[in-house]
Amino acid sequence: MVLVDKKILAGGIAMIVAGIIVTIGSIDQPIGQSGMSEEEIIDLMIAEDQNQAYQMLSGILIGVGFLLVLISFGARRKKDSAKRKEKKPAE
């Protein structure tokens, strides 16, 4: 008897792994220095914004992947799912 839906479980695990990889890739925080020019400050602000976007993306990937893993446990098919019997209304 199959306890999980393997396709959904594999997709969830793949999303979790992708989220962890994005998290590891965005560990480097952009750091400013005193006496920066106006152009360097703008570049720093853009780098900080990109880093924040990567962190949010990784959080979303991990969260949705975890939900897919949980859903895979409840998405298993029943033996009689293909045959649906209609109940006749009582007259």
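Residues numbered from 1 in each chain as written. Predicted model: local features only at pLDDT ≥ 70, side-chain atom pairs only at ≥ 80, totals over all residues. Heavy atoms only, no water.

Caption draft 1: Inspection of the side chain of S58 at higher detail. Looking at the element boundaries, S58 is found in helix 2 (residues 38–74). The buried category is assigned to S58, whose relative accessible area is 4%. What S58 contacts, discounting residues up to four positions off in sequence, is G19, V22 and T23. (Helix = DSSP H or I, 4+ residues; strand = E, 2+ residues; numbered from the N terminus. Buried < 20%, exposed > 50% of the residue type's maximum accessible area, 1.4 Å probe, protein only. Contact = heavy atoms within 4.5 Å.)

Caption draft 2: Quick peek at a nonpolar patch on the surface. A cluster of nonpolar residues, I20, I24, I27 and I62, forms a patch on the protein surface that exposes about 360 Å² of accessible area. With respect to the helices and strands, I20 occurs in helix 1 (residues 6–25). (Patch = residues over 30% accessible without salt bridge, like charges linked within 9 Å, V, L, I, M, F, W, Y side chains within 5 Å. Areas by Shrake-Rupley, 256 points an atom, 1.4 Å probe, with all protein chains shown as cover. Salt bridge = Lys/Arg side-chain N within 4 Å of Asp/Glu carboxyl O.)

Caption draft 3: Molecular detail of the environment of G11. Position of G11 among the secondary structure elements: in helix 1. For the pair G11 and G65, spaced 54 residues apart in sequence, the C-alpha to C-alpha distance is 7.2 Å.

Caption draft 4: Spatial organisation of the side chain of S72. Here S72 shows up in helix 2. Setting aside residues no more than four positions away along its own chain, S72 makes contact with L3, V4, D5, I8 and L9.

Spatial relationships are all this shows, so hold off on functional conclusions.
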